[in-house]
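Listed below are the residues making up each chain.
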Amino acid sequence: MKVRSTTILGVRLKGKVAMGGDGQVTLGDMQLKQKAVKVRQFDSSKTKILGGFAGAAADAFTLFEKFEEKLDEYGGQFQRAVVELAKDWRTDKYLRNLDALLALISHKQSYIVSGDGNVVEPDGPIVGIGSGAGYAQAAAEALLSCNVNSPKEIVKRSLKIASDICIYTNDNLTILEL
């Protein structure tokens, strides 16, 4: 059986950033956990970054630690740290077996990072990963077009909408804001 879980959504708007995630972890047709925390904040000397993960929690925590090391190593250069993490993740004998997907967002940039070396910088102010990401992103786009001005409120409402549609997403939300 495959563990399925997670909807992570980040929104950047008017100098503010918010990222949130649901709390559900599912194994097959059974809910294992309702209040998992899948988002966290990174503070470097140059920038603050929010990160969220989909996939195996232990693997994601390992990748978050590696990202934090890269952020320190490259003096808070967000893009460089992301690219170097992706290179290590893809080529390192131990890291390449980790099963997770990361979403990272700052006041200026956002990235989706995967273990196959992909680094995607979404075109707009929204980043999403996980089983309910498509629903949450669509809701966030609609809320942006309706002039909802708080990224935290957009994330909250969008994740709630996703939880109403996606069976792998619940409404026990953790939302962080910069």
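Shown above is the structure to which this text applies.
Bear in mind the structure is a predicted one, so any value in this text is a computation, not a measurement. Each chain has its residues counted from 1, running along the sequence as written. Where totals are concerned, whole chains, interfaces and linings use all residues; where local detail is concerned, this predicted model gives features only for residues with pLDDT of at least 70, and gives and counts side-chain atom pairs only at 80 or more. Computation of side-chain values: all heavy atoms of the structure, hydrogens and water removed.

Thoughts on the pattern of salt bridges
The line we're drawing: Every case where a carboxyl oxygen of Asp or Glu lies within 4 Å of a side-chain nitrogen of Lys or Arg is listed as a salt bridge. A run of H or I in DSSP becomes a helix once it reaches four residues, and a run of E becomes a strand once it reaches two; helices and strands are each numbered from the N terminus. Exposure is judged per residue with a 1.4 Å probe applied to protein chains only, and the accessible area is read against the type maximum: over 50% gives exposed, under 20% gives buried, and values in between give partly exposed.
Following the criterion strictly, the structure yields 9 salt bridges and no others. A salt bridge links E73 to K70; the shortest N-O distance between them is 3.8 Å. A residue pair is termed a helical-turn pair when its members lie 3 or 4 positions apart in one helix, as E73 and K70 do in helix 1 (residues 57–73) at 3 residues. The exposure class assigned to K70 is buried, which follows from its relative accessible area of 8%. In this structure, a network of salt bridges that share partners links the residues K66, K70, E73 and D88.

Overview of the sheet that holds strand 10 (residues 119–120)
The cut-off we apply is this: When DSSP finds two or more bridges between two strands, those strands count as paired. Should any heavy atoms of two residues lie within 4.5 Å, those residues are counted as being in contact. Whenever a helix is involved, its axis is fitted only over the stretch in contact; in every case the axis is a line through C-alpha atoms, and angles between N-to-C directions fall within 0 to 180 degrees.
Reading across from one edge, 6-7-8-9-10 is the order of the 5 strands in this open sheet, with antiparallel pairing throughout. Only two strands of the sheet have a single neighbouring strand rather than two, namely strand 6 (39–43) and strand 10. Sheet topology note: the strand 6/strand 7 (residues 48–55) ladder contains 5 bridges and is antiparallel. Among the inter-strand pairings, F42 is bridged to a residue of strand 7, identified as I49. Here helix 1 sits on the sheet and contacts strand 6, strand 7 and strand 8 (100–105); the angle it forms with strand 7, its principal contact strand, is near 155°.

Examining the packing of aromatic side chains
This is how it is decided: Stacked, edge-to-face and tilted are the three classes for Phe, Tyr and Trp ring pairs, Trp counted by its six-membered ring, which pair at centre distances within 6.5 Å; planes under 30 degrees apart are stacked, over 60 edge-to-face, the rest tilted.
Evaluation of the coordinates by the stated rule reveals 6 aromatic pairs. Considering the side-chain rings of F67 and F78, the 6.2 Å spacing of their centres and the 70° angle between planes classify their relative orientation as edge-to-face. Pair noted here: F67 is in helix 1 and F78 is in helix 2 (residues 78–91), with a separation of 11 residues, a long-range link. The residues F67 and F78 share a single accessibility class, namely buried. With 5.0 Å between their ring centres and 85° between their planes, F78 and Y111 make a pair best called edge-to-face. Taken together, the positions of F78 in helix 2 and Y111 in strand 9 (residues 110–114) put the pair 33 residues apart, joining distant regions of the chain. In this pair, the class of F78 matches that of Y111, namely buried. Members of the aromatic cluster, joined through ring pairs, are F42, F53, F61, F64, F67, F78 and Y111.

Looking at helix 3 (residues 133–145)
Put simply, the test is: Expected helix span is taken as 1.5 Å per residue step, with the number of steps being one fewer than the number of residues. Directions from the helix axis toward the C-beta atoms define the arc.
Taking 1.5 Å as the rise per residue, helix 3 with 13 residues should run 18 Å; its terminal C-alpha atoms sit 18 Å apart, in good agreement. When helix 3 is considered as a whole, its buried residues turn out to be A133, A136, A139, A140 and L143. Take helix 3 and look down its axis: the buried residues cluster within an arc of 130°, on one side only. Those residues of helix 3 that are buried lie in contact with strand 2 (7–13), strand 11 (126–130) and helix 4 (151–165). With its phi angle positive at about 65°, N147 sits one or two positions after the end of helix 3.

Considering the sheet that holds strand 12 (residues 174–177)
Here we have 4 strands laid out as an open sheet, ordered 11-2-3-12, and antiparallel in their pairing. Both edges of this open sheet fall to strand 11 and strand 12, since each of them pairs with a single strand only. On average, each strand axis in the sheet is inclined to that of its neighbour by 10°, with strand direction left out of account. As paired strands, strand 2 and strand 3 (residues 16–21) are joined by 6 bridges and run antiparallel to one another. Its bridge partner being in strand 3, R12 is matched across the sheet by V17. Running at roughly 160° to strand 11, helix 3 makes contact with strand 2 and strand 11 of the sheet. Strands strand 2, strand 3 and strand 12 of the sheet are contacted by helix 4, whose axis makes an angle of about 155° with strand 2.

Brief notes about helix 4
Counted at 1.5 Å a residue, the expected span for helix 4 with its 15 residues is 21 Å, and the 21 Å between its end C-alpha atoms agrees. Those residues of helix 4 not exposed but buried are P151, I154, V155, S158, L159, A162 and S163. The buried residues of helix 4 occupy an angular sector of 160° when the element is viewed end-on, so they sit on one face. Its buried side turned inward, helix 4 meets strand 2, strand 3, helix 3 and strand 12.

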